[in-house]
Amino acid sequence: ETGVTQSPTHLIKTRGQQVTLRCSSQSGHNTVSWYQQALGQGPQFIFQYYREEENGRGNFPPRFSGLQFPNYSSELNVNALELDDSALYLCASRKDYEQYFGPGTRLTVT
Amino acid sequence: AQSVTQLGSHVSVSEGALVLLRCNYSSSVPPYLFWYVQYPNQGLQLLLKYTTGATLVKGINGFEAEFKKSETSFHLTKPSAHMSDAAEYFCAVSDWGGGATNKLIFGTGTLLAVQP
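The following paragraphs examine the structure supplied in this document. From a predicted model like this one, the values you see are computed outputs, not experimental measurements. (Residues numbered from 1 in each chain as written. Chains lettered and ligands numbered in written order. Predicted model: local features only at pLDDT ≥ 70, side-chain atom pairs only at ≥ 80, totals over all residues. Heavy atoms only, no water.)

With respect to the overall build of chain B
At step 1: Along its length, chain B carries zero helices and 11 strands.
At step 2: Ordered by position from N to C terminus, the α and β elements of chain B give β-β-β-β-β-β-β-β-β-β-β.
At step 3: Its C-alpha atoms give chain B a radius of gyration of 14 Å, within 12% of the compact-globule value 13 Å for 116 residues.
At step 4: Taking all 116 residues of chain B together, the buried fraction comes to 46%.
At step 5: Here the contacts in chain B between residues at least 6 apart in sequence split such that 55% fall between residues at least 24 apart.
At step 6: Entry remark: accessible area of chain B is about 5,400 Å², with carbon and sulfur atoms responsible for 54%.
At step 7: Computed over 7 positive and 7 negative side-chain charges, the separation of the two mean positions in chain B equals 6 Å. (Helix = DSSP H or I, 4+ residues; strand = E, 2+ residues; numbered from the N terminus. Rg over C-alpha atoms; globule rule 2.2 N^0.38 Å. Buried < 20%, exposed > 50% of the residue type's maximum accessible area, 1.4 Å probe, protein only. Contact = heavy atoms within 4.5 Å. Areas by Shrake-Rupley, 256 points an atom, 1.4 Å probe, with all protein chains shown as cover. Lys, Arg positive; Asp, Glu negative; His and termini not counted. Charge placed at Lys NZ, Arg CZ, Asp CG, Glu CD.)

Details of the layout of surface pockets
At step 1: The volume enclosed by the largest pocket comes to roughly 480 Å³.
At step 2: Taken together, 26 residues form the lining of the largest pocket, with Phe101, Gly102 and Pro103 of chain A together with Gly43 and Leu44 of chain B sitting closest to its centre.
At step 3: When contributions to the lining of the largest pocket are tallied by element, the ones reaching two or more residues are strand E1 (5-7) and strand E10 (98-101) of chain A together with strand E4 (33-38) and strand E5 (44-50) of chain B.
At step 4: Here the residues of the lining of the largest pocket sort into 10 nonpolar, 13 polar and three charged.
At step 5: The calculated volume of the second largest pocket comes to roughly 290 Å³.
At step 6: Taken together, 18 residues line the second largest pocket, and the ones lying closest to its centre are Arg106 of chain A together with Gln38, Pro40, Asn41 and Glu88 of chain B.
At step 7: Broken down by secondary-structure element, the contributors of at least two residues to the lining of the second largest pocket are strand E9 (87-98) and strand E11 (110-115) of chain B.
At step 8: Ranked by the residues each element gives to the lining of the second largest pocket, the list is headed by E9 of chain B, at three residues.
At step 9: Considered class by class, the residues forming the lining of the second largest pocket number 10 nonpolar, six polar and two charged. (1 Å grid on protein atoms, 1.4 Å probe; cavity = no way out; pocket = protein on both sides within 12 Å on 5 of 7 lines; lining within 4 Å. Points joined across faces, edges and corners; volume = space filled by probe spheres on them. Nonpolar A, V, L, I, M, F, W, Y, C, P; charged D, E, K, R; others polar.)

Below is the structure:
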């Protein structure tokens, strides 16, 4: 148990729709990162939030956005969904140099 | 920029045999290295990590890894495989992107099968 939870577990959306994924981190972990894991691939870094500000971003377009809240929860929002957005989305909270991953949300775009 | 290469996308061993999963990294700074395990339809669980100090790192479930700077390797081993070890394993290097940004760069993973 990492103490990181994500919701929902699974989600099916249609191309062009918008989706919000949620993550609850451990208390005191003020850095959260989001990763996308396509089928058969390793996780890819989307972005990182520190004290409610985005302070690092991977190679993902602006339609991927996020929020971090003071209660250690965060959101990943994806607009204008594309078929290639189908993946497992993982959030990770960080303390020092170690990242604690949640179980992920499986997003399917049809 | 940091990168990770995992040799062998699929590895199959017999129960009780040695497990060896290979990982090579590229890093312009002293690396922080990690091994994660992922069971089907689950998130990532940290097996072990190397930051500084002793180069032989012991983790959970009997796994260990040795950091070899000269070979830029961080191979994962377990003396005796168990059926419950069947999973996908990811090697990762920490990329300090400046400021407070710290992301993990993952390899493409190695799927371990354990035969009875």
